[in-house]
Amino acid sequence: MEYRTLGNTGLRLSVLGFGAAPLGNEYGNLAATEGEGAVHAAIDHGINFFDTSPYYGRTLSEERLGAALSGKRDKVVLCTKCGRYDKELFDFSASRVTASIDESLRRLRTDHVDMFIAHDIEFGDREQVVNEAIPAMRKLQATGKARFIGISGLPLKLLAEVAERTQMDFVLSYCHYNLMIRDLDRLLTPVAAANHIGLVNASPLHMGMLTPAGAPMWHPAPPSVKEAAAKIVQLCESRGVDVTTLALRFCLDYPHVASTLAGMSSPTEVEQNLKAFDFRVDPKLLSDIEIILAPVKDRTWDSGRQQNEVTGQQSNKGVAR
Ligand code: NAD
């Protein structure tokens with residue numbers, strides 16, 4: 001396993017991180033033993049970065065991850081979130097953020113998390129996020145309950161603006177740098193680099209789209225993007241290439257992020273994803289993929305409150321998962 005440093009934090013993250021959204025049944029019902037097996041297989045192979053949220057499975061992911069990490073807490077860099085609790089339930093008040101970490105620590109069976117994130121900030125009141133949630137998170141950092149703090153969400157310009165304004169330790173972005181899309185490189189990476197803010201790149205499979213099973217029902221991408229992804233999956237199949245391996249390798253090759261965070265549901269998926277480290281990308285296959293992607297280049301979807309839209313950005317209106 002290869003490790004990279006997250007911004008100025010000094011945290012060393014495995015370049016492939018373990019996303020625990022599937023542990024909360026976000027991608028279909030998962031047997032607890034499969035999820036636990038996935039966590040243990042990941043640790044055995046040197047994956048040390050684990051990300052969860054009270055939102056995933058409405059606390060189920062944290063509960064399961066906490067149980068799976070029992071006796072192994074010191075081997076991992078543990079990340080959880082606050083502010084998002086259900087599809088439409090957000091609370092970025094100082095009091096909720098402060099209570100939230102204690103609830104998470106109890107479920108995760110630990111006395112601190114290494115990384116603590118304000119989850120999907122585009123759904124909150126921007127000024128409340130900046131003036132209440134983040135100062136409350138800094139106070140928690142001072143108590144040692146959270147070692148470093150960050151923000152996550154979909155709209156890149158909002159993440160860039162808030163991160164720069166508040167001098168975040170790190171930002172978690174998803175569905176903005178992978179085989180389907182690259183605009184992270186234009187809209188957030190330069191700001192993060194200039195301000196020494198760490199970057200985590202989540203959803204290398206575009207939230208399950210770049211898999212043989214395809215996008216889950218709830219996936220918010222426009223049909224044109226789903227159709228392009230299905231063509232890419234087919235193309236890979238016809239060339240005898242596993243699309244998930246190619247998609248992960250593509251993200252691992254992006255040097256500006258400390259870690260690529262992939263959701264993993266079973267020991268088999270962990271083993272499969274580790275194959276990306278020995279995989280060589282065929283440039284001809286990549287250029288054929290570019291042709292499929294051209295009509296949907298950097299196409300994303302609406303997420304969050306319209307008033308959080310940052311000038312010049314795609315609209316943020318609508319709801320995400
Ligand atoms: P992803 O792109 O990693 O896709 C996950 C899906 O792909 C799951 O269904 C998983 O079982 C499946 N999969 C993984 N490896 C596979 C393989 N080898 N073969 C077949 N299927 C495979 O999407 P994700 O899980 O949403 O993102 C990764 C993690 O990043 C999440 O679990 C979460 O921890 C984090 N995340 C955070 C935010 C946020 O903070 N707003 C948003 C998205 C993701």
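Use the structure listed above.
This section reports on the structure supplied with the text. None of these values were measured; they are calculated from a predicted model. (Residues numbered from 1 in each chain as written. Predicted model: local features only at pLDDT ≥ 70, side-chain atom pairs only at ≥ 80, totals over all residues. Heavy atoms only, no water.)

On to the packing of helix α4 (residues 126-143) against helix α5 (residues 156-166). The relative placement of two packed helices is expressed as an angle between their axes plus a distance between the axes. Across the interface, α4 lies against α5 with an axial gap of 11 Å and an inter-helix angle of 50°. Judged on the interaxial angle alone, α5 and α4 are oblique. Between α4 and α5 the crossing geometry is right-handed. Here R126, E127, V130, I134 and R138 of α4 come into contact with α5, specifically with L158, E161, V162, R165 and T166. Residues belonging to the contact of α4 with α5 are distributed by class as follows: four nonpolar, one polar and five charged. (Axes fitted to C-alpha atoms, helices over the stretch in contact; angles between N-to-C directions. Helix = DSSP H or I, 4+ residues; strand = E, 2+ residues; numbered from the N terminus. Parallel < 35°, antiparallel > 145°, perpendicular 65-115°, else oblique. Left-handed = near helix turned anticlockwise from the far one by under 90°. Contact = heavy atoms within 4.5 Å. Nonpolar A, V, L, I, M, F, W, Y, C, P; charged D, E, K, R; others polar.)

This part covers the packing of aromatic side chains. All told, the structure shown has seven aromatic pairs when counted by the stated rule. With centroids separated by 5.3 Å and ring planes inclined at 65°, the aromatic side chains of Y27 and W218 adopt a geometry described as edge-to-face. With a gap of 191 residues between them, Y27 in the loop between β3 (16-19) and α1 (32-44) and W218 in the loop between β11 (198-202) and α8 (223-238) connect regions that are remote in the sequence. With relative accessibility at 27%, the residue W218 sits in the partly exposed group. Here Y55 and Y56 contribute two aromatic rings whose centre-to-centre distance is 6.1 Å and whose plane-to-plane angle is 50°, an arrangement assigned as tilted. According to the relative accessible area criterion, Y56 is buried, its value standing at 10%. What links up through ring pairs into an aromatic cluster is the set F90, F92 and F123. The lysine or arginine in question, R84, covers the ring of Y55, its NZ or CZ lying 4.3 Å from the ring centre. Sitting over the ring of F123, R84 keeps its end group 5.0 Å from the ring centre. (Phe/Tyr/Trp six-rings, centres within 6.5 Å; stacked < 30°, edge-to-face > 60°. Buried < 20%, exposed > 50% of the residue type's maximum accessible area, 1.4 Å probe, protein only. Lys NZ or Arg CZ within 6 Å of the ring centre and 35° of its normal.)

What the eight strands build is a closed barrel, ordered β3-β4-β5-β8-β9-β10-β11-β12; its pairing is parallel. Sheet twist, expressed as the average angle between the axes of neighbouring strands with direction ignored, equals 30°. Here strand β10 (residues 170-174) pairs with β11 via five bridges, running parallel. In the strand pairing of β11, F170 is matched with G198. (Pairing = 2+ DSSP bridges.)

Along the chain, E26 turns up in the loop between β3 and α1. Take E26: its relative accessible area is 13%, and that puts it in the buried class. When the C-alpha positions of E26 and W218 are compared, they lie 9.6 Å apart, and in sequence the two are 192 residues distant. A polar side-chain atom of E26 sits 2.8 Å from the main-chain amide nitrogen of G57. (Polar contact = N/O pair within 3.5 Å; in protein donor to acceptor, adjacent residues only side chain to side chain.)

Among the nonpolar cores identified, the biggest contains 108 residues, and F18, F50, M115, F116 and I151 are the most heavily contacted of them. The contacts of F116, once residues within four sequence positions are left out, are T80, K81, C82, V97, I101, M137, L140, A146, F148, I149, G150 and F170. (Core = buried A, V, L, I, M, F, W, Y, C linked by side-chain atoms within 4.5 Å.)

All buried positions along helix α10 (residues 267-274) are accounted for by V270, N273 and L274. All buried residues of α10 fall inside an arc of 100° around its axis, so they share one side. Structurally, α10 contributes buried residues whose contacts are with β3, α1 and α9 (243-252). (Arc of directions from axis to C-beta.)

Here we take up the environment of K157. The topology assignment puts K157 in helix α5. Residue K157 is classed as partly exposed on the basis of its relative accessible area, which comes to 25%. A C-alpha to C-alpha distance of 9.8 Å links K157 and N308, two positions 151 residues apart in sequence.

With that settled, consider the site of the ligand. Residues in contact with the ligand amount to 30 residues; listed here are only the nearest, Y27, D51, D120, G263 and S265. Contact between the ligand and D51: an oxygen atom at 2.5 Å from a side-chain N or O atom of the residue. Interatomic distance of 2.8 Å between a backbone N/O atom of G263 and an oxygen atom of the ligand. Bound to the protein, the ligand loses 93% of the 830 Å² it would expose on its own. Residue composition of the shell around the ligand, by class: 13 nonpolar, twelve polar and five charged. (Near = heavy atom within 4 Å. Areas by Shrake-Rupley, 256 points an atom, 1.4 Å probe, with all protein chains shown as cover.)

To continue, consider the packing of helix α2 (residues 60-68) against helix α3 (residues 94-108). Where α2 contacts α3, the two axes come as close as 7 Å, and the packing angle between them is 45°. Compared by their axis directions, α2 and α3 come out oblique. Between α2 and α3, the residues in contact are E62, E63, L65 and G66 and S104, R107 and L108, respectively. Taken together, the residues that form the contact of α2 with α3 break down as two nonpolar, two polar and three charged.

This paragraph deals with the pattern of salt bridges. Applying the stated criterion across every chain yields a total of 20 salt bridges. For R165, the salt bridge goes to E127, with nearest N and O atoms at 2.7 Å. Of the two residues, R165 sits in helix α5 while E127 sits in helix α4, which places them 38 residues apart along the sequence. The exposure class assigned to R165 is partly exposed, which follows from its relative accessible area of 43%. You can call E127 partly exposed: its relative accessible area is 38%. Between K297 and D298 there is a salt bridge, with its nearest N and O atoms 3.8 Å apart. Taking relative accessible area as the criterion, K297 reaches 62% and is therefore assigned exposed. Residues participating in the shared-partner salt-bridge network are R126, E127, E161 and R165. (Salt bridge = Lys/Arg side-chain N within 4 Å of Asp/Glu carboxyl O.)

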